[in-house]
Amino acid sequence: MATSSVVRVEGDVGGQIIVGDHNVVISAQYGSTAVLRPEAPPPVRRRERPAGRTLRRRPVTLFGRERELATVDQWLGDGHVVQVYGPPGIGKSSLLRRYAAGQSALDRDIVFLPAAGLPVEDVIQELFHACFDTEGYKPEHSRVRRLMGAVQALLVVDDFEGSPKDLAALADAAPGCDLLVTAVDRCVSDEVRTLRLGGLSEDAALDLVARELGRTPEGAERDAVRDLVGTVDGHPLTLVQMSAAVRAAEVSGEEHADGAFTAGETALAVGVAGRLDDVAVRLLRVLFAVSPLPVSSGLLYALAGDVGPSAGACAAEVLEQSHLIEQVGSGYHSRCDLASRVVRHTGRVPEAGELAAGLTDWLRTGTTRQEAAAEAAVIGRVLADAARRGDHAAVRDLARAAAPVLARSLHWGSWRSVLEHGRAAAAALGSAADEAYFAHEEEVRRKALGLAAAVVVTAAGGGVGAGAAAVHNALAAGGKSTTATGKAGLGALASKPAVIATAVAALISAGVFVALADTGGGQPAADPPPAPAVSVYGPHSPPPQPRTSPPWPSAPEPSVPSPSASPPTPVPRLSLPGNSGGCVPAPMPAPDFGRSRTHERTTRQVDFDAWLPCDDEKSLDVTDKQNWAVALTACPPPQGSRLCRFAVTFQPSSPGTHHATVTIHDDWGHDDLSMEVTGVAVDAAPSTPVSPSVPLEPSDPVSPTQSTRTPRPGPSEPLPSTT
């Protein structure tokens, strides 16, 4: 039996915000509400000076970058968007901050925004709040552009990870600003001037090492430094970290410290790791797990095992002096290769997903929405890695804790990603109540952004009116009777997931969607609704009777005239409400067509009895069109039915085993239904009779050589089968 998570999020999570033309009420426990605002947009007040994030506390001194600084200044002066790119540790951020410091000295307004791991819409929202003093307001893009048109500042965005389209959207949102960004990869666009940052010249590199050592290397040490500069091609961070290791060895009185510049990477990493105490190691391991994302000091100390502020600050200072980490605003991030090698000599290499439980606890214990919003990128990284590890319960719990906080803080790009991860995890766990919660929140987000038209109702305020009536009718139609309304009604519905699909369909047809989660009481959800059943049989055979033995052999064997359906996969299929952006993906059983003669046609009919209105039958397609064809026969199903019927034909063009994937997308082009098919072709007559062969005569044909929709990634990974 699947259980639903219990939501206990303290702090200022709930409340009302304004998004475009909608009032949105955030409720961590029962779900959110979006209603159209009849009044005009709220007034906003421009700040006297932009806020943004704080630049590095110490001034940046660069060596050998005068030409690059001049180039950036010229391109920005000509009105171009400028991107500085290059590998990690090459000095992109230092160049960006040095240029920003120079412009600030000229009394120019500067907006500095770290963007690592953030979707572009969240970067734009941070930009808006840096320039305008308003609480709980997310304007539509046209108003952002209109208001930002009066702001003339230097917008400096570090570690931007978006596409060229995202960069264009950021530039469009700030038409009055000069835009300077850094990234690892080059942005290929006619609208952007790109500057690739390379290593330092030998003279500049020697000056950098002298500054870090506090003295000028002489004799054999100078020769060793020059050899190192050539080996690493003037990579600044490597030179800085090597210098820091030499200095630390000298301070500790270690012998042969002057030979560290010639020591191997492994010996250097072992030496640095041996000088770190337990607290410093724990901090470094946390930062390495989410590298290169910055982590605030408060969250860093919590994830490292409740490290006290005093001990944490001392350990962070040691790591910073070794150039293993770097301060970014009020937090830190790890620095490239040496940090990675040192961590590997402190024990098992940590993974981001291992931090999910600690991050969930941190979010649930009084964390403010401002503090949580600053960690949006970290939350996304941990969720993605925990999902990759298959830790669905941790993903579900973290998503439930993070979703309302990110919604309240207006980081709606990150909110969308959290909802996708949470819903996929809830479906994998078979938790219908949690899945309905995430689906409901996604509908609220889309409606508030003008992407969905359905009315959204929640039970946070008591009775749910028409929504409760729709739920009542849907439950009654499913053979259950209930008079539940309000929170009790939500709990009653959540405890009957076998009829949720019917209820959701009724709500969608009525234009109403009600949050289906009763998470406050901690009651376990019932078993998931029955999985879709699929029948595959020959064109002249009646639908087979169910049986418990495996319907298809695992190895290529002669086919039988009427194979029965495979055991259903226990994955609930609930349609997202309204124009929410996707059906819940579901796998279909994989029939084996057995052996056939080359060029002989074998057709099987497929019945899928969990069809949803958001499935797009016209996208029916198969990957290997040389040997396979698909066509509709009775799909979409008539009103009141969920039985979709189509035909799959195997006509091999050459001997051998032929595999293909049959797919149907949803109405938004996301991957939805999929089925693997296999057939074996032989030149000689097979030893046993093959399935009867008839021409394919669908009533609503689809060309077997062309798909009507281009596949693109769906809102969540396909749900795993547990059969």
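Definitions and limits used
- Residues numbered from 1 in each chain as written.
- Predicted model: local features only at pLDDT ≥ 70, side-chain atom pairs only at ≥ 80, totals over all residues.
- Heavy atoms only, no water.
- Pairing = 2+ DSSP bridges.
- Helix = DSSP H or I, 4+ residues; strand = E, 2+ residues; numbered from the N terminus.
- Axes fitted to C-alpha atoms, helices over the stretch in contact; angles between N-to-C directions.
- Contact = heavy atoms within 4.5 Å.
- Disulfide = S-S within 2.5 Å.
- Salt bridge = Lys/Arg side-chain N within 4 Å of Asp/Glu carboxyl O.

Caption draft 1: Region of interest: the sheet that holds strand β6 (residues 110-114). The sheet built from five strands is open, its strands ordered β6-β9-β10-β5-β11 with parallel pairing. In the strand order of this sheet, the two ends are held by β6 and β11 (192-196), each with one partner. Averaged over all pairs of adjacent strands, the angle between strand axes in this sheet comes to 15°, irrespective of strand direction. Pairing of strand β5 (residues 81-85) with strand β10 (residues 178-183), which is carried by four bridges, proceeds in the parallel orientation. Counterpart to V84 in the pairing with β10 is T182. The strands touched by helix α1 (residues 66-77) within the sheet are β5, β9 (154-158), β10 and β11, with β11 carrying the most contacts at an inclination of about 180°.

Caption draft 2: Spotlight on the state of the cysteines. Using the criterion set out here, one finds one disulfide in the structure. Between C177, a cysteine without a disulfide, and C131, which holds the nearest cysteine sulfur, the sulfur-to-sulfur distance is 5.9 Å.

Caption draft 3: Representation of the pattern of salt bridges. One pass over the full model with this rule turns up 27 salt bridges. Salt-bridge contacts for D278 lead to R282; the nearest nitrogen and oxygen are separated by 2.7 Å. With a gap of four residues between them, D278 and R282 both fall in helix α10 (residues 278-289), about one helical turn apart. Connected through shared salt-bridge partners, E351, E354, D385, R388 and R389 make up one network.

Caption draft 4: Inspection of the sheet that holds strand β8 (residues 137-138) at higher detail. The four strands are arranged β3-β2-β1-β8 in an open sheet whose pairing can be described as mixed. Two strands in the sheet have a free side with no partner beyond their single neighbour: β3 (33-36) and β8.

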